[in-house]
Amino acid sequence: MTIAGDFDVDFDNLVRARAENPFFVLAAAPEASAAEIERAGQRLLAELAAGFDGARRYATPFGARERTPELVRAAIAELRDPARRLGHEWWARGLTGAP
Amino acid sequence: MVGARSDGRAVTTAGAAISFPRAPAARRGVSRAGMFAVVRVLVWTALWAIVLRNIGASVGTWAAGSLGPVTTFLIGVVLPAWLFVVLPTWIAFRFAVPRGMRRLAAVCCWMSPLVRARDLPSLTAWFDVAADAPARPSAGWDDLPADAWTALAAALQADRGRAAARADAIVEALAHLPAGARFPWLARRHGVEALVVSAVIRRDWPAAVRHARIGRGRLNGLFELCARGTTGEPVAPGELWLRWLVAPMRRVTFPLVRALARRDAAAPAARPAAAAPSGPHARHVALLRAAARHEVIDAGDVLALAVGWGTALDDPALARLGARALELGARDGAARAAAVREQVLGELALLLSCADGELPRAPADSFCAALVGRARDQQLAAIKTALAALDADRISTAHPLEAWQRWLSLRAAWERAERGAARPALAALWRASARDGLWSYACALSHQHGARAAWAVFTMFDWLADRAEYVGDLVAVLANRENARIALAGLR
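Described below are features of the structure shown in this document.

As for the overall build of chain B
Scanning chain B from terminus to terminus reveals 22 helices and zero strands. Taken across its 492 residues, chain B has 47% of its residues classed as buried. The contacts in chain B between residues at least 6 apart in sequence include a share of 68% that link residues at least 24 apart. Carbon and sulfur atoms form 60% of the exposed surface of chain B, whose accessible area is close to 23000 Å².

So this is what it looks like as structure tokens:
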């Protein structure tokens, strides 16, 4: 009696996209340079590989979330694209109140 | 039934009432049901006569004429009546169901005068779902009718499967059943209770409040009060403890009630209010999170946010964003900035199309006007999508409850659009395709499944008549009222 239905609008994905903003995942400032972002990403990947507890979670304006190597790699890749970075930067600035 | 037959798509507007096509089978069913009811009453009579005789004989011998009239009345009348009327369902729902003893629960319901014989198969299906029994695609399962018990079973299944929106749609439909559509008292009490408990277990307090609204009984009342208190409404500790005292499951609910009562008693006025997000970004995400939790979103809040976005995404702000895009090395900075604005507008429109409350006829500015137009378009697109899923030709393969749930999807989309004040667009859509499509669907459901679908068909025709009235289609109003009347007769 499992019934399929078209009731759900996927707001979960939208919320997840905001919480997984690459600047939050990498704990980087919105104005950080490309080199700083690469360094932050590589440092986090090394810490996660070493099992460093502090690297397993990251802070967002909506509470702490789990950080994984996949998330870090995806964040680095997102911020390499200037057009995508613009959107993430704009959201990160707005959500953190950064100028 | 007035409307299309299962063998044709055309809908006639000529009034012609026909009986359910399975009427002969239904008559045979009534005969079998009658026999079943007689046997059931005979078993009750024999069993309770023996119980009553034994109680009377044992107590009479033990008391040896020493009992007063009040005690005699209590032992001779009140206690047996309670045993006969209340005890079987108490054992079924308070003892057997929590322990997964489905057969015992079914036997107890069979023995209870509070349960109608026609509800027993649906009730058994509800026991299966409540006990998390694996789905059994058996013939008996497929022959279940669509009624309040099977609807609650589907809602419970959806709720436990984290399909909260589907569960909410069923609860919403049950909350607005037309007069005459049965929603048994036991279903309101125990069926809804299982839904509320499921929401409470996963700490989804807004859902618990929504579900408890259609319920009855002391436990539903207690959970509703707890949920209201937990979501921030003031709750008097005295009332909370009183509700707990009279409700069942006191041992289980004690920690919850104690925590809530202590919190409210400690600082009823000094409880810090959650800081409201200030900027449009934070407010935007807060609304998205509320929508993801299936909380009710107010259209006014979305429009107020849109006003905030109007200044945060005005031409100077977009120019600054375009300049920053060029700094970062992106080509066509203006287009990149416009894409950000477009993304925000799209998400706001999604929120507004799902929000409660009327959409303004004359929006404040161009940003709000674009938003309202897009939300209306999304609402109408949702109706068309839901309408496309209502295929009368495929009704023979669909269970009546499944067909009813497909219609619920359309109903939700339609009513959202009505709240959005899209009356002219809805009237056009009604006459162009919705009226005939829905009519054919409901008629095909009735012709194909007969009495098993009568409950669902009655709610659909009643709703159709109301919608026809809303758009001023008098012929459809009369035809659907007549169809609803015929379906209601099939329910009795």
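Some thoughts on the pattern of salt bridges
Summed over all chains, the structure comprises 32 salt bridges over all chains. Residue Arg84(A) pairs with Asp81(A) through a salt bridge whose shortest N-O separation is 3.7 Å. When its relative accessible area of 45% is taken as the criterion, Arg84(A) is described as partly exposed. Under the relative-accessibility criterion, Asp81(A) is labelled partly exposed at 30%. For Asp204(B), the salt bridge goes to Arg202(B), with nearest N and O atoms at 3.1 Å. Of the residues examined, Arg202(B) reaches a relative accessible area of 23% and is grouped as partly exposed. What emerges from the salt-bridge pattern is a single network uniting Arg85(A), Glu89(A), Arg93(A), Arg324(B) and Glu327(B).

Quick word on a nonpolar patch on the surface
All names here are of chain B. Among the surface-exposed residues, Leu 79, Trp 82, Val 86, Trp 90, Phe 95, Met 101 and Leu 104 lie close enough to one another that they form a single nonpolar patch of about 580 Å² accessible area. Every element with two or more residues in the nonpolar patch is listed here: α2 (69-85) and α3 (87-96). You can see Phe 95 is positioned in helix α3. Exposure remark for Phe 95: the relative accessible area of 32% places this residue in the partly exposed category.

A short note on helix α4 (residues 69-80) of chain A
Residues and elements named next belong to chain A. Helix length check: α4 (12 residues) gives 17 Å between terminal C-alpha atoms against 16 Å at 1.5 Å per residue, within 8%. Within α4, burial applies to Leu 71, Val 72, Ala 75, Ile 76 and Leu 79. All buried residues of α4 lie within an arc of 135° about the axis, which places them on one face of the element. Looking at α4, the residues exposed on the side facing more than 90 degrees away from the buried face are Glu 70 and Arg 80. Contacts made by the buried residues of α4 are with α2 (22-25), α3 (34-49), β1 (57-58), β2 (65-66) and α5 (82-96).

Conventions we followed
One numbering rule holds for all chains: residues counted from 1, following each sequence as written. Labels are handed out in written order, letters beginning with A for the chains and numbers beginning with 1 for the ligands. Only residues with pLDDT of at least 70 are given local features in this predicted model, and only at 80 or more are side-chain atom pairs given and counted; all residues enter the totals for whole chains, interfaces and linings. Computation of side-chain values covers all heavy atoms of the structure but excludes hydrogens and water. A helix here means a DSSP run of H or I that spans at least four residues, while a strand means a run of E at least two residues long, and both kinds are numbered starting from the N terminus. Three exposure classes are used, based on accessible area relative to the maximum for each residue type with a 1.4 Å probe and protein chains only: buried under 20%, partly exposed in between, and exposed over 50%. Residues are treated as being in contact if the distance between any of their heavy atoms lies within 4.5 Å. Under the convention used here, a 1.4 Å probe and the Shrake-Rupley method define accessible areas, while residue burial counts only the protein chains that appear. In what follows, salt bridge is the name for a side-chain nitrogen of Lys or Arg lying within 4 Å of a carboxyl oxygen of Asp or Glu. Exposure above 30% relative accessible area and the absence of a salt bridge qualify a residue for a patch, where like charges join within 9 Å and nonpolar side chains (Val, Leu, Ile, Met, Phe, Trp, Tyr) within 5 Å. Every helix has an expected span of 1.5 Å times one less than the residues it contains. To be clear, the arc concerns the directions from the helix axis to the C-beta atoms.

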